[in-house]
Amino acid sequence: MFPRGIDDALHGAGLFRDIGGAFEKKAVDLVENFPVERVTPRALYSVNGSCLRADLLMVVPPSRGHSRLLAQTTGSDAAGLAETNEYLQLGGDPYIYAAGDILSLPGPHFGYMAIRQGKLAARNIDAWLRGETWT
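First things first, this report covers the structure right here in the doc. Just so it is clear, the model here is predicted, and its values are computed rather than measured.

## What to know about the environment of Ser-46
Alright, step 1. One can find Ser-46 in strand β2 (residues 43-46).
Alright, step 2. Among the residues examined, Ser-46 registers a relative accessible area of 2% and is labelled buried.
Alright, step 3. Residues Ser-46 and Asn-33, spaced 13 residues apart in sequence, show a C-alpha to C-alpha distance of 9.6 Å.
Alright, step 4. With residues up to four places along the chain from it excluded, the contact list for Ser-46 reads Phe-34, Pro-35, Val-36 and Glu-37.
Alright, step 5. Within the structure, the side chain of Ser-46 is placed 2.2 Å from the side chain of Asn-48, a separation counted as a polar contact.

## What about a nonpolar patch on the surface?
Alright, step 1. Together, Tyr-95, Ile-96, Ile-125, Trp-128 and Leu-129 line one region of the surface with nonpolar side chains, adding up to about 500 Å² of accessible area.
Alright, step 2. Within the element layout of this structure, Tyr-95 appears in the loop between α3 (67-70) and α4 (111-130).
Alright, step 3. Judged by relative accessible area, Tyr-95 falls into the exposed class, the value being 64%.

## Digging into α4
Alright, step 1. A rise of 1.5 Å per residue sets the reference length of α4, with its 20 residues, at 28 Å; its end C-alpha atoms lie 29 Å apart and thus fit the reference within 8%.
Alright, step 2. Residues of α4 that are buried: Gln-117, Ala-121, Asn-124 and Ala-127. End-on view of α4: buried residues confined to an arc of 125°, all on one side of the axis. Exposed residues pointing more than 90 degrees away from the buried face of α4 are listed as Ile-115, Lys-119, Leu-129 and Arg-130.
Alright, step 3. Looking one or two places after α4, you find Gly-131, whose phi comes out positive at around 75°.

## Here we look at the pattern of salt bridges
Alright, step 1. Following the criterion strictly, the structure yields 2 salt bridges and no others.
Alright, step 2. Asp-55 is the salt-bridge partner of Arg-42, the closest N and O atoms lying 4.0 Å from each other. Residue Arg-42 is located in the loop between β1 (36-40) and β2, and its partner Asp-55 is located in the loop between β3 (51-53) and α3; the two are separated by 13 residues in the primary sequence. Each member of the pair, Arg-42 as well as Asp-55, is classed as exposed.
Alright, step 3. Between Asp-126 and Arg-130 there is a salt bridge; the shortest N-O distance is 3.0 Å. Of the two residues, Asp-126 and Arg-130 both sit in helix α4, 4 residues apart, roughly one turn of that helix.
Alright, step 4. Taking the relative accessible area as the measure of exposure, Asp-126 reaches 36% and is therefore partly exposed.

## Comments concerning unusual backbone geometry
Alright, step 1. Even without glycine at this site, Ala-27 takes up a positive phi of about 60°.
Alright, step 2. Looking at the secondary structure, you find Ala-27 in the loop between α2 (19-25) and β1.
Alright, step 3. Using a relative accessible area of 69% as the deciding quantity, one classes Ala-27 as exposed.
Alright, step 4. One non-glycine residue, Leu-88, lies in the positive phi region at around 70°.
Alright, step 5. Tracing the chain through its elements places Leu-88 in the loop between α3 and α4.
Alright, step 6. Judged by relative accessible area, which is 8%, Leu-88 ranks as buried.

Cut-off values and rules
- Residues numbered from 1 in each chain as written.
- Predicted model: local features only at pLDDT ≥ 70, side-chain atom pairs only at ≥ 80, totals over all residues.
- Heavy atoms only, no water.
- Helix = DSSP H or I, 4+ residues; strand = E, 2+ residues; numbered from the N terminus.
- Buried < 20%, exposed > 50% of the residue type's maximum accessible area, 1.4 Å probe, protein only.
- Contact = heavy atoms within 4.5 Å.
- Polar contact = N/O pair within 3.5 Å; in protein donor to acceptor, adjacent residues only side chain to side chain.
- Patch = residues over 30% accessible without salt bridge, like charges linked within 9 Å, V, L, I, M, F, W, Y side chains within 5 Å.
- Areas by Shrake-Rupley, 256 points an atom, 1.4 Å probe, with all protein chains shown as cover.
- Salt bridge = Lys/Arg side-chain N within 4 Å of Asp/Glu carboxyl O.
- Expected span 1.5 Å × (residues − 1).
- Arc of directions from axis to C-beta.

Here it is in structure tokens:
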């Protein structure tokens, strides 16, 4: 189950190109746009009163930001995720960099993306400390 929709949840992630087809082959029902209000052992209830009953439920929650950290900065979106410039600086501040789950980027927040972002942030910090141009 995806709270908003599968395309929104997996935006641009190539490894999920035919996840709907794979679910269909395994007789798995894909439910989208189901804002969860309450969870019980055998059912999910939406904010609009709908009920989804099943023996096994798998839910992919929406990404939420780290509001405690971001409350001290100016660079966050409505979901509390960090908005950075192209150098991964939070709010353009040369002393604050962000990578991984905290970033406001479309699509899933996977570990391999966090690793790539962390390496880029590290290169940019190193370049900044050396007075060089960022990559």
